[in-house]
Amino acid sequence: MKITPLHEWIAQCIGCPAVDFNRTTLERHQLERLNWVIHYTYEHSRFYRERLANTSKTITSFNDFSAFPFTTADDLRADPNRFVCVSQDDVQRIVTLPTSGTTGESKRVFFSAADQELTVDFFKVGMSTLAGPGDRVLILLPGLRPGTVGDLLKIGLERLGCTATIYGPVDDEEKVLRLIRELDANLLVGAPVHLHRLARWDEAFQILPKKQIRSVLTSTDVLANTIRANLQSIWGCEVFDHWGMTETGLGGGVECEAHQGFHLRAADLYVEIIDPVTGQVLPEGEHGEVVITTLTRSAMPLIRYRTGDLSRLITGACACGSFIPRLERITHRVGAGIHLGSGLLIQSMLDEALFQIREVLDFSASYQKSTLSLAVRIFGDEFESVEKAIQNSLRQFSIIQSEMKIKISLAENPVQGNPVILHKRAISINH
Ligand SMILES: [Zn+2]
């Protein structure tokens, strides 16, 4: 098994000779960078000058750092300009994130050219886990504008010697599969459900030659075990998962060949896990909310930013041989899901249940008055048998009580041959 390429790269990033590179030297470096970001933001960001006014500006341990105040998504929504540490001329890209809060304000995240370069570098090294010179990669993520995730990924892949083509999110399975065939693409990058739709379509209509797809990288959404297993069995490919969000600088962490958590880009990010209720840092290995501090960003560094993602840090060295910290798969987000008498129903449970059924291409879910409503997009016209299969599959979960009503309908498909895309993956809760 190949050691994660992040291992050697992070040693280089922090200027540490390979023989001296260990967890202690990495943590020493992270502590230095935390001191840097505290000073830098206090000097240059109006937000942090105020927020850090009453805290010591020098820390000597991670424990000291755990006393620092959090930054929240609401802070980013309230006035993102107050975070910015560089002049407007030095801002290369501003990402506006659709709001999920109640204020109606959008979050905005600013990047300098140097920040984007850090991301390109991470994409290049992270992708070298599965890609190398001569590979043909189709990117099924947004990427038409400069500085978007697909655009930076393409630059990183080209530096690696790959040919990279940006398509964007999958809107038409048939068209995308024909393009994959035409390009002879052997690697795909996309959202798990999008890749899964392609695989199911290919399984049904046999568009790609056997073994054309060697590996896929899933990103932007939680990867259900069922989706991973289906991609592997349909295409015979290896599936690598990636974790990241705009706030982490698009990239955050990527699986190695051991597939046991995301190795973090630890020279650029310091990750803590906190109790989402008390805000206390949890001992390593315990589940809680992921909190990030950026260690190298210049335009809009973030200190103790609460991501809302729930996960844990995996203790011990990875089977690949690296000690680079690993984040376990995200289960769900703080506040997501539906509280039922017997526990919490989360999107990933629905993914596991529904994607076991061959005919299901995609679905959206909502919950109201003890009724779980699912709008499904399926193959063929055997809706009744698919409906029965979904009911049975869902009842496997004890959390879905027998008295809970499940209403299943077909997703609207307004234009023949132009499939509906169910963008909304999170369960919506209507009270
Ligand atoms: Zn590993």
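Residues numbered from 1 in each chain as written. Predicted model: local features only at pLDDT ≥ 70, side-chain atom pairs only at ≥ 80, totals over all residues. Heavy atoms only, no water.

Another aspect to go through is the overall build of the protein. The secondary structure content of the protein amounts to 12 helices and 20 strands. Taking 22 Å as the expected radius of gyration for a compact globule of 431 residues, we find that the protein reaches 22 Å, a close match to that expectation. Along the longest, intermediate and shortest principal axes, the C-alpha atoms of the protein span 65 × 50 × 45 Å. When burial is assessed residue by residue, the protein has 55% of its 431 residues classed as buried. A separation of at least 24 residues holds for 65% of the contacts in the protein among residues at least 6 apart in sequence. Put simply, the protein shows about 18800 Å² of open surface, and 50% of that area lies on carbon and sulfur atoms. (Helix = DSSP H or I, 4+ residues; strand = E, 2+ residues; numbered from the N terminus. Rg over C-alpha atoms; globule rule 2.2 N^0.38 Å. Buried < 20%, exposed > 50% of the residue type's maximum accessible area, 1.4 Å probe, protein only. Contact = heavy atoms within 4.5 Å. Areas by Shrake-Rupley, 256 points an atom, 1.4 Å probe, with all protein chains shown as cover.)

Let us now look at the domain arrangement of the protein. Partitioning the protein into structural domains gives domain 1 (5–116 + 256–327), domain 2 (130–243) and domain 3 (338–429). Placing a centre on the C-alpha atoms of domain 1 and another on those of domain 2 gives a separation of 28 Å. Contact between domain 1 and domain 2 buries roughly 910 Å² in total, counting both sides, with carbon and sulfur atoms accounting for 63%. Contact with domain 2 buries surface across domain 1, with Arg93, His259 and Phe262 losing the most and accounting together for 58% of the total. On inspection of domain 1 and its partner domain 2, the count reaches 0 salt bridges. For the pair domain 1 and domain 2, the interface holds 4 residue pairs in polar contact (both at pLDDT 80 or more). (Domains from an automatic or database assignment. Buried area = accessible area lost by both parts, 1.4 Å probe. Salt bridge = Lys/Arg side-chain N within 4 Å of Asp/Glu carboxyl O. Polar contact = N/O pair within 3.5 Å; in protein donor to acceptor, adjacent residues only side chain to side chain.)

Each strand in a sheet pairs with its neighbour through backbone hydrogen bonds, running either in the same direction (parallel) or in the opposite one (antiparallel). On the basis of which strands lie adjacent, the open sheet formed by 3 strands has the order S10-S11-S12 and antiparallel pairing. Each edge of the open sheet is held by one strand with a lone partner, namely strand S10 (269–274) and strand S12 (305–311). The mean angle between the axes of side-by-side strands here comes to 30 degrees, regardless of whether they run parallel or antiparallel. (Pairing = 2+ DSSP bridges. Axes fitted to C-alpha atoms, helices over the stretch in contact; angles between N-to-C directions.)

Attention shifts here to the coordination of the zinc ion. Surrounding the zinc ion are the protein donor atoms Cys256 (SG), His263 (NE2), Cys318 (SG) and Cys320 (SG), at 2.1 to 2.4 Å. For the zinc ion, the 4 donor atoms are set out with angles of 104 to 113 degrees between them, so the coordination reads as tetrahedral. Sequence spacing of the donors to the zinc ion: C-x6-H-x54-C-x1-C. Overall, cysteine 256 belongs to the buried group, its relative accessible area being 1%. (Donors = N, O, S within 2.8 Å, 3.2 Å for Na, K, Ca; no water. Tetrahedral: all angles 85-135°; square planar, octahedral: opposite > 155°, others 65-115°.)

Along the chain, isoleucine 94 turns up in strand S1 (residues 91–97). Considered as a pair, isoleucine 94 and valine 193 are 99 residues apart in the sequence and their alpha carbons are 27 Å apart. Dropping the residues within four chain positions of it, isoleucine 94 is found in contact with Arg108, Val109 and Phe110.

Here the focus is the nonpolar core. In terms of nonpolar packing, the biggest core is built from 52 residues, with Ile180, Trp235, Leu374, Ile390 and Leu394 touching the most fellow members. Here this core gathers at least three residues from each of two domains, domain 2 (130–243) and domain 3 (338–429). Contact partners of isoleucine 180, with chain neighbours within four places excluded, come to Leu138, Ala185, Leu188, Leu198, Leu208, Gln212 and Ile213. Listed in part, the 40 residues of the second largest apolar core include Leu76, Leu97, Met245 and Tyr305. (Core = buried A, V, L, I, M, F, W, Y, C linked by side-chain atoms within 4.5 Å.)

Tracing the sequence through the fold places isoleucine 213 in the loop between helix H9 (192–205) and strand S6 (215–218). When the C-alpha atoms of isoleucine 213 and arginine 136 are compared, they prove to be 9.9 Å apart, with 77 residues separating the residues in sequence.

Evaluated as defined, the whole model comprises 22 salt bridges. Between glutamate 247 and lysine 107 there is a salt bridge; the shortest N-O distance is 2.8 Å. Of this pair, glutamate 247 sits in the loop between strand S7 (238–243) and strand S8 (253–255) while lysine 107 sits in strand S2 (residues 107–112), and the two are 140 residues apart along the sequence. For glutamate 247, a relative accessible area of 3% puts it in the buried group. A cluster of three or more residues bridged by salt bridges with shared partners is formed by Glu173, Arg197, Asp362 and Arg377.

On to the pairing of strand S4 (residues 163–166), then. Taken together, the 4 bridges between strand S3 (residues 136–140) and S4 define a ladder with parallel strand orientation. Within the sheet, the bridge partner assigned to leucine 138 lies in S4 and is threonine 165.

Let's shift gears to a negative patch on the surface. A surface patch of like charges, here negative, comprises Glu359, Asp381, Glu382 and Glu384. Relative to the helices and strands, glutamate 359 is located in the loop between helix H11 (347–354) and strand S17 (360–368). Owing to a relative accessible area of 33%, glutamate 359 belongs among the partly exposed residues under this scheme. (Patch = residues over 30% accessible without salt bridge, like charges linked within 9 Å, V, L, I, M, F, W, Y side chains within 5 Å. Lys, Arg positive; Asp, Glu negative; His and termini not counted. Charge placed at Lys NZ, Arg CZ, Asp CG, Glu CD.)

On to unusual backbone geometry. Unusually for a residue other than glycine, glutamine 206 sits at a positive phi of about 50 degrees. Structurally, glutamine 206 is set in the loop between H9 and S6. We note that threonine 220 has phi near 75 degrees; this positive angle belongs to a residue other than glycine. Within the element layout of this structure, threonine 220 appears in the loop between S6 and helix H10 (225–235).

Here the structure, examined in full by the defined rule, presents 14 aromatic pairs. Each member of the aromatic cluster is reached from another via a ring pair, and the members are Phe62, Phe65, Phe68 and Tyr270. A cation over a ring is seen here: arginine 304 above phenylalanine 65, with NZ or CZ 5.8 Å from the ring centre. (Phe/Tyr/Trp six-rings, centres within 6.5 Å; stacked < 30°, edge-to-face > 60°. Lys NZ or Arg CZ within 6 Å of the ring centre and 35° of its normal.)

Quick look at the sheet that holds S8 now. Judged by pairing direction, the sheet is mixed, and its 9 strands sit side by side in the order S4-S3-S5-S6-S7-S8-S9-S14-S13 without closing on themselves. Strands at the two margins of the open sheet, each flanked by one partner only, are S4 and strand S13 (313–314). Inspection of the sheet shows S6 paired to S7 by 4 bridges, in the parallel sense. Bridging across to S7, threonine 218 finds its partner in aspartate 241. On top of the sheet, helix H6 (residues 113–127) reaches strand S5 (187–190), S6, S7 and S8; it is set at about 10 degrees to S8, its chief contact. Running at roughly 145 degrees to S6, H9 makes contact with S3, S5 and S6 of the sheet.

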